[in-house]
Amino acid sequence: MEIKEIQAEIVDEFAMFEDWMQRYEYMIELGKSLPMIDEEFKTDDNIIKGCQSKVWVHAELQDEKLVFTADSDAIITKGIIAILIRAFSNQKPQDIIDADTEFIDEIGLKEHLSPTRANGLVSMIKQLKLYAVAYQTQLN
Amino acid sequence: MLKTTLDIQKIRKDFPILKREVSGKPLVYLDNAATSQTPQQVIDVIVDYYQNYNANIHRGVHALSQEATDKYEQARVKIQRHFNAAKPHEIIFTSGTTHSINIVANGFSSLIKKGDEILVSAMEHHSNIVPWQMLCERTGAILKVIPMNQEGELLMDVYDDLLSDTTKLVFCNHISNALGTINPIEEIIEKAHKVGAAVLIDGAQAAPHLVADVQKLDVDFYTVSAHKICGPTGVGMLYGKEDWLNKLPPYQGGGEMIAEVTFEKTTYADLPHKFEAGTPNICGGIAFGAALDYMNAIGFKAIAEYEYELLTYATQELLKIDGLKIYGTAKNKTSVISFNIKGIHPYDIGSILDKLGIAVRTGHHCAQPIMDFYKIPGTVRASFSFYNTKEEVDVLVKGVERAKAMLL
């Protein structure tokens, strides 16, 4: 599936919930299903700066597609990463670079997060895109 | 039912913000240690200033300037009387506690030399750590830490050992923002003075709960932020003994703080203006005085008794939650409860509580050394004020239970 389609799917899913408590419950569930990073990659180098809870992200190229794994010490943060990974993992680096991130605004995630978490969200997206840029350079 | 004689429902009507909703739920504001809410009586003073006598102070010949100057100086006297300072000019208006501490830390640069020792408590806010570290870097002085125990109480016998002839300064908060511990500042001050050291007490967290008598305490410097005691943000005070304030050089240069300026030399104004360069937060200073009037009309004794009841009740109810641990269990503590639930990150609890309309603080509370001491990333902190109710404690406890059920 293309990034755009996955994002539309996520937007639809979030629209089904009546309130933000239900959305939080959903994010917690997503957090529990996050593709876990290997312990060996949980290094300080892989910590995303700008998050108040710890977030580790690892990227790996498999068949010219970028696969992300991640972890966090906070479960809602894990849910947020799970949403991002679902949208961007298993995609070609160039597609990740080109992808827009409007779906975040559409599901209202940013405005419903605390300011520190919203900053963290921006840092996470930036980091995923940076990985894509790095691997795209490698492919070229 | 709680035993208080205060009419809490009547008091709550003074605070317009308490009527609002958050996420469709009535606001339960339990982040009072970060900032307190503002009563209508103080809001009215702020509006009155801008509607009727907004003018620059101490320099205009016109009526408005005189009115504003009078009100501003009356506020200084109110603050002086409240903290029982000997003289009005021992009260310096600042932008808040952080500014106050920096004035002293900066001023001591010229009074401290290499090898001198500075003692700081293990439970300080970053604002009472970083300025002293900077002072040590500038001067070569040594920063030493008064440790604490698991309950969050300072180890006073270690303090005794740390004190020596080379101790020049001691810094400690009156009440810890992260743990609520009321520190034995009388003893700290007395012992520091015996070795000739000066003492700064950060009163930011104490001012909303009790009245410090600076003369009785014999403290050298005491700092307060107005926004913790129902006043506006961006204004506070530095109390300093006259002798000390005369010894310290000015912190900032500018208008108002001078006696005479030529390009060759400037002579500084007398206290308090020496430390009040530029146009101050005039409205804020006046509102600070109004906030003290408001709190005093309710009465600090009644406030302290009621907040203690809230603390006791909240502690007892929160501890019924399995896996909940409270950090800061000093015998002498104020209405602050820092806690975690086993296996759950404090941010997650805070996020769920927010969606239930409950405002708490999560994180390290600008006191990372305390978090390092307990080996935790942070805590959830609920801090209660005299306008909070027993029912709000119940909402908190239910909220924490719900968050726990969702998150575990």
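Please read all numbers here as calculations on a predicted model, not as lab measurements.

Visitor: Help me understand the overall build of chain A, please; the structure alone is not making it clear to me.
Guide: Summing up its helical and strand segments, chain A has six helices and two strands in all. By the compact-globule yardstick of 14 Å for 140 residues, chain A fits well, its C-alpha radius of gyration being 14 Å. Counting only C-alpha atoms, chain A reaches 45 × 30 × 25 Å along its principal axes. Residues counted as buried form 39% of the 140 residues belonging to chain A. In chain A, the share of contacts with a sequence separation of at least 24, taken over all contacts with a separation of at least 6, comes to 67%.

Visitor: Before we go on, may I ask you to explain the interface of chain B and chain A in this structure?
Guide: Many descriptions give the size of an interface as the accessible area lost when the pieces come together. Taken residue by residue, the interface counts 12 residues in chain B and 12 residues in chain A. At the level of secondary structure, the elements contributing two or more residues to the side of chain B that touches chain A comprise α12 (346–355) and α14 (390–407) of chain B. In terms of residue count, α12(B) provides more of the side of chain B that touches chain A than any other element does, six residues in total. Classifying every residue of the side of chain B that touches chain A gives five nonpolar, four polar and three charged.

Visitor: Whenever I open this one, the confidence of the model for chain B confuses me. Can you help?
Guide: It should be kept in mind that the predicted coordinates are not to be read in detail where pLDDT is low. Taken over all residues, the pLDDT of chain B has a mean of 95, while the share at 70 or more is 100%. For this predicted complex, the interface confidence score (ipTM) comes to 0.84, while the overall pTM stands at 0.91.

Visitor: So what exactly am I meant to see when it comes to the domain arrangement of chain B here?
Guide: All names here are of chain B. The domains assigned to chain B are domain 1 (8–30 + 299–402) and domain 2 (43–296). The distance between the C-alpha centroids of domain 1 and domain 2 comes to 28 Å. Listed by partner, the interface residues are 22 residues for domain 1 and 23 residues for domain 2. Residue assignment for the side of domain 1 that touches domain 2 shows that the elements contributing at least two residues are α11 (300–318), β14 (336–341) and α13 (368–374). Looking at the side of domain 1 that touches domain 2 residue by residue, the classes come out as 10 nonpolar, nine polar and three charged.

Visitor: Mind showing me how you'd approach the environment of Ile48(A) here?
Guide: All names here are of chain A. Its location among the elements puts Ile 48 in the loop between α2 (20–32) and β1 (55–62). Expressed as a C-alpha distance, the spacing of Ile 48 and Gln 127, which sit 79 residues apart in the sequence, is 7.2 Å. Residues contacting Ile 48, with those up to four places away along its chain left out, are Val 55, Val 57, Ser 123, Met 124 and Gln 127.

Visitor: Sorry if this is basic, but what is going on with the nonpolar core here?
Guide: In globular proteins that are soluble, nonpolar side chains generally tend to be buried together. Residue and element names in this part refer to chain B. Counting 155 residues, the largest nonpolar core has Val 199 and Ala 291 as the members making the most contacts within it. When residues of this core are sorted by domain, at least three fall in each of domain 1 (8–30 + 299–402) and domain 2 (43–296). Val 199 has contacts with Val 170, Ile 188, Ile 189, Ala 192, Val 219 and Asp 220, leaving out every residue within four places of it along the chain.

Visitor: Explain the pairing of strand β7 (residues 167–173) of chain B here, please?
Guide: In summary, the side chains of a regular strand alternate between the two faces of the sheet. Residue and element names in this part refer to chain B. Taken across its seven residues, β7 has seven buried, putting it largely inside the fold. Sheet topology places β7 next to strand β8 (residues 198–202); five bridges connect them, and they run parallel. Across the sheet, the residue bridging to Cys 172 is Ile 201, located in β8. In this fold, β7 hands off to helix α7 (residues 185–194), which returns the chain to β8; that crossover is right-handed.

Reading guide: rules and limits
Residues numbered from 1 in each chain as written. Chains lettered and ligands numbered in written order. Predicted model: local features only at pLDDT ≥ 70, side-chain atom pairs only at ≥ 80, totals over all residues. Helix = DSSP H or I, 4+ residues; strand = E, 2+ residues; numbered from the N terminus. Rg over C-alpha atoms; globule rule 2.2 N^0.38 Å. Buried ≥ 20, exposed ≤ 12 C-beta atoms within 10 Å, placed from the backbone. Contact = placed C-beta atoms within 7 Å. Nonpolar A, V, L, I, M, F, W, Y, C, P; charged D, E, K, R; others polar. pLDDT = per-residue confidence, 0-100. Domains from an automatic or database assignment. Core = buried A, V, L, I, M, F, W, Y, C linked by C-beta atoms within 7 Å. Pairing = 2+ DSSP bridges. Right-handed = clockwise from strand over helix to strand, strands pointing away.

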